[in-house]
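Below are the chains, spelled out letter by letter.
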Amino acid sequence: MPNILELAAAKEKIQYKDGLFHFAVAGVSGSGKSSLINAFRGLRNGDAGAAPTGVIETTSQIDRYPDPNPRLPFVWYDVPGAGTLAQSDWLYFNSQGLFVFDCIIVLFDNRFTLTDISILTNCRRFQIPTYIVRSKADVHIRNVMADMGYDSDSDGGSRQVEAYNSACERYIAETRATVQKNLKEAGLPDQRVYVVSHKTMVSTVKDRVLSPKTIHELELVRDLLEEACARRCVPRNDGGQASSGQSLDPVFSPRAY
């Protein structure tokens, strides 16, 4: 366990501020952390103020991204990917100071790894809320469609919706089964897995539009808002005003999405 000085140093490193809610997105290199953070902030990759993205790991230190919506007291953190030459699995949690964050999103792409298990285990030890998210759903579902024999060139589009829905259901089921198996083997309790695409997340957050291909994007945003409200917001009194401290802005409510 970190001592008082180590805790203070970790908070100073990430510019931790009371009254804000600090989300860390962590996972192995290449899992799409930067793209998801951009989407959570309502930005597309390449927009002004967006986190840099790339085929190789583009984050070498923890990067801090305040939410551009002034009514949302959130700060998003892009944590360097574990599994790179600079980040060995066993040092990842402590060296990055993940123990100071209010909530950690464990993001994975192709495989749910021992690194992800390690992050969850340490979060449980420090009583930090966690969310397991699988990224790049759009890419994976297209691959499942191909594995199921769907060929868009020969189909002409007549079976596309049916094929997509079947592939999506199969992909979600396989993802849940894999994570459930790994959690059980690690002695961790079962936990929900959110399957998302950063492109769909952008339309959900920025445009407030639900794509026909929405999977768990809206539910994830709502659950994160509920988590932040439960830990940071002040309940209203009978007169409809916050009893003290920060008022509850309607946009900060899960019902706003």
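Refer to the preceding data block for the structure.
Residues numbered from 1 in each chain as written. Predicted model: local features only at pLDDT ≥ 70, side-chain atom pairs only at ≥ 80, totals over all residues. Heavy atoms only, no water.

## As for the packing of helix α5 (residues 137-147) against helix α7 (residues 160-185)
Closest axis-to-axis distance for the α5/α7 pair is 9 Å, and the angle between their directions is 110°. It follows from the interaxial angle that α5 and α7 lie roughly perpendicular. Residues Ala137, His140, Ile141, Val144 and Met145 of α5 form the contact with α7, whose own contacting residues are Gln160, Ala163, Tyr164, Ala167, Cys168, Arg170 and Tyr171. Split by residue class, the contact of α5 with α7 holds nine nonpolar, two polar and one charged. (Axes fitted to C-alpha atoms, helices over the stretch in contact; angles between N-to-C directions. Helix = DSSP H or I, 4+ residues; strand = E, 2+ residues; numbered from the N terminus. Parallel < 35°, antiparallel > 145°, perpendicular 65-115°, else oblique. Contact = heavy atoms within 4.5 Å. Nonpolar A, V, L, I, M, F, W, Y, C, P; charged D, E, K, R; others polar.)

## Digging into helix α4 (residues 114-126)
Residues three or four positions apart in an α-helix share a direction because the helix packs 3.6 residues into each turn. Over its 13 residues, α4 runs 18 Å from end to end, which matches the ideal 18 Å to within 8%, given 1.5 Å per residue. Along α4, the residues classified as buried are Thr115, Asp116, Ile117, Ile119, Leu120, Asn122, Cys123 and Phe126. Between the side-chain oxygen at the start of α4 and the backbone nitrogen of threonine 115 there is a gap of 3.3 Å, and the oxygen is on threonine 113. Glutamine 127 sits one or two residues past α4 and shows a positive phi near 60°. (Expected span 1.5 Å × (residues − 1). Buried < 20%, exposed > 50% of the residue type's maximum accessible area, 1.4 Å probe, protein only. Polar contact = N/O pair within 3.5 Å; in protein donor to acceptor, adjacent residues only side chain to side chain.)

## Observations regarding the pattern of salt bridges
Across all of its chains, the model carries five salt bridges by this definition. Of the charged contacts in the structure, one is a salt bridge between aspartate 207 and arginine 44, with a shortest N-O distance of 3.2 Å. A residue pair is termed long-range when its members are at least 10 positions apart, and aspartate 207 in the loop between α8 (198-205) and α9 (217-232) and arginine 44 in the loop between α2 (33-40) and β2 (63-66) qualify at 163 residues. Classification of aspartate 207 by relative accessible area gives partly exposed; the value is 37%. (Salt bridge = Lys/Arg side-chain N within 4 Å of Asp/Glu carboxyl O.)

## Considering unusual backbone geometry
In this structure, glutamine 15 takes a positive phi of about 60° despite not being glycine. Structurally, glutamine 15 is set in the loop between α1 (4-14) and β1 (21-26). Among the residues examined, glutamine 15 registers a relative accessible area of 45% and is labelled partly exposed. Although it is not a glycine, glutamine 127 adopts a positive phi angle of roughly 60°. With respect to the secondary-structure elements, glutamine 127 resides in the loop between α4 and β5 (130-134). The class of glutamine 127 is exposed, set by a relative accessible area of 70%.

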